[in-house]
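Breakdown of the fold
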Amino acid sequence: MYNDARIRSAVAMMIDGIAPPPVPLLAILRSAARPPVAAEIPAVHWLRPVAAAAAIVGAIAIGVPLIAPSVVESVEARIAQILRWTPPSVPPPHWLTSQLRSQEATLASAQARVPFTIVPPVGLPRDVTVLSMATSPSGVYDKLTGKWQLGTQVVFFTYRRSGSRSFQLLADRFDPRTGPPSRYQYEDTGRLRDGMPVLVRHEKFTWRNGDQVMTAIDGDGITADEIQAIRNAMRGVSVTAAQTRSELDSGTIDKLYRF
Amino acid sequence: MRLALHADFIKSAQAGEDGLERLITVVWPEFYRIAFAILHDAGLAEDAAQEACAAMARSLPTLRNSHVFGSWSYKIIVNHALTVARRRPRTQTLDVMIDHGIHDDRSDALDTYHAIAALPLEQRAAVVLHYYVGLKSSEIAAATGLPASTIRFHLMLARRALRKTLELDAQPPFEKVLSDV
């Protein structure tokens, strides 16, 4: 017979067995320094350009470690510490970012521009109403030479759905030089007085279909479950995210996308 | 009360940055576990726990009686978990839960997880606060802003559902089959 004492014991045993992740101390302190905001998640602009190189060029993190601020000298270094990610030592040059312009496309015209076989998304949420496609060149940072160059074209699928929501899927050619993808994508939503960015974390999903690699992140426009439904409907093969910083840094190039 | 911290510890957190960091480090696992027990989603639990820790840090200077820190902080985490749940309802499969949530190979813990997961949100929160944290219905009412009579009703329904599920799971397989006939 399950009396109160047994229920109490079972509930305590279950909850005590939950393993918490590392405490994101800096993120909490930054958030505490801001005035409270309405309980909503900001819209996802994860492909918003370059101002936040940290948010775009990989924008990578496994978690938020504890660090001693005294050992970190600059804001940039602190960001890198928080993201557990080494940003490119050279910022993307203006000549490059000015060329990262998107161009509307149809499936046929997009296929003619990109160097991989496009596998269009299927299994979309039922309330999707409008699809628009665009292609854009990517930026490539070579970690070995420390130089930026223009990369091949990628495809952005932009979907509108009910409730004024929208989401994007990004298709690119699979390139093993990038190394394993990150588990999270960080959106840079502004700066605090001390220059520290206010970052919002999104879960990132990456899967392959042939030589195409598709990326999506969850947010107000699409949930993680809906992304996984798309991946399953496409019969995509999940690309395992990096589990350690060394895995994250194992790639020899970083890519920059701009929509 | 699990978060019954020493008054000096709370005062130290109210006074200085180091103390606040120590306090956040101490409450984080508890906040996360409670959020996960209510939300059943690792990502949402992390969001709720993080927002609750930030809210706690912001409001800490206004806490005059450090002896009520426990019930005060539980109120914060439960309200944030409920807010997150209403904002972005999601469900998770057992596989995901095993991968990211409960690192416990005792099958009882998984049975309990399933039983709690099957409860409506408000009942889940009431169960966590009553059976895990140890709050009375009047204290849960104060924490959630619901009438105490509603909390007692939630607890009664939850208790009934948990007993039914857990007792069924505890039966040997052949007995389960017989009872289904």
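One can find the structure itself at the top, above this paragraph.
A few points about the overall build of chain A
In terms of helices and strands, chain A carries eight helices and nine strands. In chain A, buried positions account for 38% of the 259 residues.

Regarding the overall build of chain B
Helix and strand content of chain B: 10 helices and zero strands. Put simply, chain B runs from its N terminus to its C terminus through helices and strands in the order α-α-α-α-α-α-α-α-α-α. Out of the 181 residues in chain B, the part that is buried amounts to 41%. Across chain B, contacts joining residues at least 24 apart in sequence account for 67% of those joining residues at least 6 apart.

Considerations on the environment of leucine 131 of chain A
Within the fold, leucine 131 of chain A resides in strand 2 (residues 128-142). When sequence neighbours within four positions are dropped, the list of residues in contact with leucine 131 of chain A reads Phe157 and Tyr159 of chain A.

Focus on the packing of helix 1 (residues 4-16) of chain A against helix 7 (residues 121-133) of chain B
Between helix 1 of chain A and helix 7 of chain B, the shortest axis-to-axis distance is 8 Å and the interhelical angle comes to 100°. The angle between helix 1 of chain A and helix 7 of chain B falls in the class roughly perpendicular. On helix 7 of chain B, the residues touching Ile7, Arg8, Val11, Ala12 and Ile15 of chain A of helix 1 of chain A are Val127, Tyr131 and Tyr132 of chain B. Class assignment for the residues of the contact of helix 1 of chain A with helix 7 of chain B results in seven nonpolar, no polar and one charged.

Details of the nonpolar core
Phe31, Ala35, Leu39, Ala49, Cys53, Ala81 and Leu129 of chain B are the most contacted members of the largest nonpolar core, which has 59 residues in total. Top element by residues in this core is helix 2 (residues 17-39) of chain B. It accounts for 13 residues. Discounting residues that sit within four places of it in the chain, alanine 49 of chain B has contacts with Trp28, Phe31, Tyr32, Ala35 and Ile77 of chain B. Grouped together as the second largest cluster of nonpolar side chains are 28 residues, Ile118, Phe156, Ile230 and Leu256 of chain A included.

What counts, and where the lines are drawn
Residues numbered from 1 in each chain as written. Chains lettered and ligands numbered in written order. Predicted model: local features only at pLDDT ≥ 70, side-chain atom pairs only at ≥ 80, totals over all residues. Helix = DSSP H or I, 4+ residues; strand = E, 2+ residues; numbered from the N terminus. Buried ≥ 20, exposed ≤ 12 C-beta atoms within 10 Å, placed from the backbone. Contact = placed C-beta atoms within 7 Å. Axes fitted to C-alpha atoms, helices over the stretch in contact; angles between N-to-C directions. Parallel < 35°, antiparallel > 145°, perpendicular 65-115°, else oblique. Nonpolar A, V, L, I, M, F, W, Y, C, P; charged D, E, K, R; others polar. Core = buried A, V, L, I, M, F, W, Y, C linked by C-beta atoms within 7 Å.

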